[in-house]
Amino acid sequence: MSERMSKRAVHTPGAPRPAGVYSQGVVAGGFLYTAGFGPQDPVTGEIPEGVGAQTAQVLRNVAAVLAEQGLSLRDVVKVTTHLQHLKRDFAAYDAAYREFFSEPCPVRTTVGSDLMDILVEIDVVAVVPGREGRSDESSIRSG
């Protein structure tokens, strides 16, 4: 078990370029982990008005990173969301979010955070099919 786990960076022009020293996504251990994305349009850099429109743009940015690996939002198993105004914006955020996910929905954590000039930031974890990917339901037993 001393074999080191491999990891591979994911890059796409379909999502905003990193603002620092980090990857847009990393594939490791059968999962794709994305960076936290804001609502910047990857081409123009513009930020839409309102938490609903920002949530939609963030999820399009996340989806672009997933698509680079042949994945979609259906492959997402975990979502972490940061809202600038948690109490004020949660309902509008949740309504926009529901347009992108269907059952079985991923698990989700939503927290209030001090964000830099944006209302929402989201990162996800997605299952990568293949050798290290999805578990066969028959191999998961309860009790």
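Everything here concerns the structure above.
About the cut-offs
- Starting from 1, residues in each chain are numbered consecutively following that chain's sequence as written.
- The model is predicted, so local features are restricted to residues of pLDDT at least 70 and side-chain atom pairs to those at 80 or more, both for listing and for counting; the totals for chains, interfaces and linings are taken over all residues.
- Only hydrogens and water are set aside when side-chain values are computed; all heavy atoms of the structure are taken into account.
- Between any two strands, pairing holds if DSSP finds at least two bridges.
- Segments assigned H or I by DSSP are reported as helices when at least four residues long, segments assigned E as strands when at least two residues long, and all are numbered from the N terminus.
- Fitted lines through C-alpha atoms serve as axes, helices being fitted only where they are in contact, and the angles separating the N-to-C directions of these axes extend from 0 to 180 degrees.
- What makes a nonpolar core is a set of buried Ala, Val, Leu, Ile, Met, Phe, Trp, Tyr and Cys residues whose side-chain atoms join them at distances within 4.5 Å.
- Relative accessibility decides the category of a residue: with a 1.4 Å probe and only protein chains considered, values under 20% of the type maximum give buried, values over 50% give exposed, and everything between is partly exposed.
- Throughout, a contact is declared for two residues whenever any of their heavy atoms are within 4.5 Å.
- Any Lys or Arg side-chain nitrogen found within 4 Å of a carboxyl oxygen on Asp or Glu counts as a salt bridge.
- Here the angle decides the label: under 35 degrees means roughly parallel, over 145 means roughly antiparallel, 65 to 115 means roughly perpendicular, and every other value means oblique.
- The handedness criterion is simple: a crossing whose near helix is rotated anticlockwise from the far helix by less than a right angle is left-handed, and one whose near helix is rotated clockwise is right-handed.
- Residue type decides the class: Asp, Glu, Lys and Arg count as charged, Ala, Val, Leu, Ile, Met, Phe, Trp, Tyr, Cys and Pro as nonpolar, and the leftover types, Gly among them, as polar.
- Expected helix span is given by 1.5 Å per residue-to-residue step, counting one fewer step than there are residues.
- What is called the bend at a residue is the angle between a pair of axes, fitted to the seven residues leading up to and ending at it and to the seven starting from it.

### Observations regarding the sheet that holds strand 2 (residues 25–28)
Spatially, six strands are ordered 1-2-3-6-4-5 in an open sheet, and the strand pairing comes out mixed. Only two strands of the sheet have a single neighbouring strand rather than two, namely strand 1 (7–10) and strand 5 (107–112). Put simply, the sheet's adjacent strands are angled 15° from each other on average, direction ignored. Alignment of strand 1 against strand 2, held across four bridges, turns out to be antiparallel.

### Some points on the nonpolar core
Across soluble globular proteins, nonpolar side chains have a tendency to be buried as a group. One finds Leu-32, Leu-66, Val-76 and Ile-122 to be the most contacted residues of the largest nonpolar core, which totals 27 residues. Contributing elements (two or more residues each) for this core: helix 1 (51–68), strand 4 (76–83), helix 2 (86–98) and strand 6 (120–127). Of all the elements, helix 1 adds the most residues to this core, at seven residues. Setting aside chain neighbours within four positions, we find Leu-32 in contact with Val-10, Val-26, Val-27, Val-65, Leu-66, Gln-69, Leu-71, Val-124, Val-125, Ala-126 and Val-128.

### Some remarks on the pattern of salt bridges
Should their charged atoms come close, side chains of opposite charge can pair. What the rule picks out here adds up to three salt bridges. Put simply, Asp-89 and Arg-88 hold a salt bridge, and the shortest N to O gap is 2.8 Å. A relative accessible area of 7% means that Asp-89 is categorised as buried. One salt bridge connects Arg-108 with Asp-94, and the closest N-O pair in it is separated by 2.8 Å. You can see Arg-108 sitting in strand 5 and its partner Asp-94 sitting in helix 2, a full 14 residues away along the chain. Looking at Asp-94, the relative accessible area reads 11%, which means it is buried.

### Details of the packing of helix 1 against helix 2
At a closest axis distance of 8 Å, the pairing of helix 1 and helix 2 adopts a crossing angle of 40°. With respect to helix 2, the element helix 1 is oriented oblique. Of the two possible hands of crossing, helix 1 and helix 2 adopt the one that is right-handed. Taken together, the residues of helix 2 that come into contact with helix 1 (itself represented by Val-51, Gly-52, Thr-55 and Leu-59) are Asp-89, Ala-92, Tyr-93, Ala-96 and Tyr-97. Residue composition of the contact of helix 1 with helix 2, by class: six nonpolar, two polar and one charged.

### Some remarks on helix 2
Counted at 1.5 Å a residue, the expected span for helix 2 with its 13 residues is 18 Å, and the 17 Å between its end C-alpha atoms agrees. Approximately 30° is the largest bend angle found in helix 2, and it occurs at Ala-92. Every buried residue of helix 2 is accounted for by Asp-89, Tyr-93, Asp-94, Ala-96 and Tyr-97. For helix 2, the elements touching its buried residues are helix 1, strand 4, strand 5 and strand 6.

### Some points on the pairing of strand 3 (residues 31–34)
Side-chain alternation along strand 3 places Leu-32 and Thr-34 on a buried face and Phe-31 and Tyr-33 on a face that remains uncovered. Sheet analysis places strand 2 next to strand 3, joined by four bridges and oriented antiparallel. Residue Val-27 lies in a different strand from strand 3, and its bridge partner there is Leu-32. Where strand 2 hands over to strand 3, the hairpin turn is made up of two residues, of which Gly-29 adopts a positive phi near 60°. Bridging between strand 3 and strand 6 involves three bridges; their strand directions are antiparallel. Residue Leu-32 lies in a different strand from strand 6, and its bridge partner there is Ala-126.

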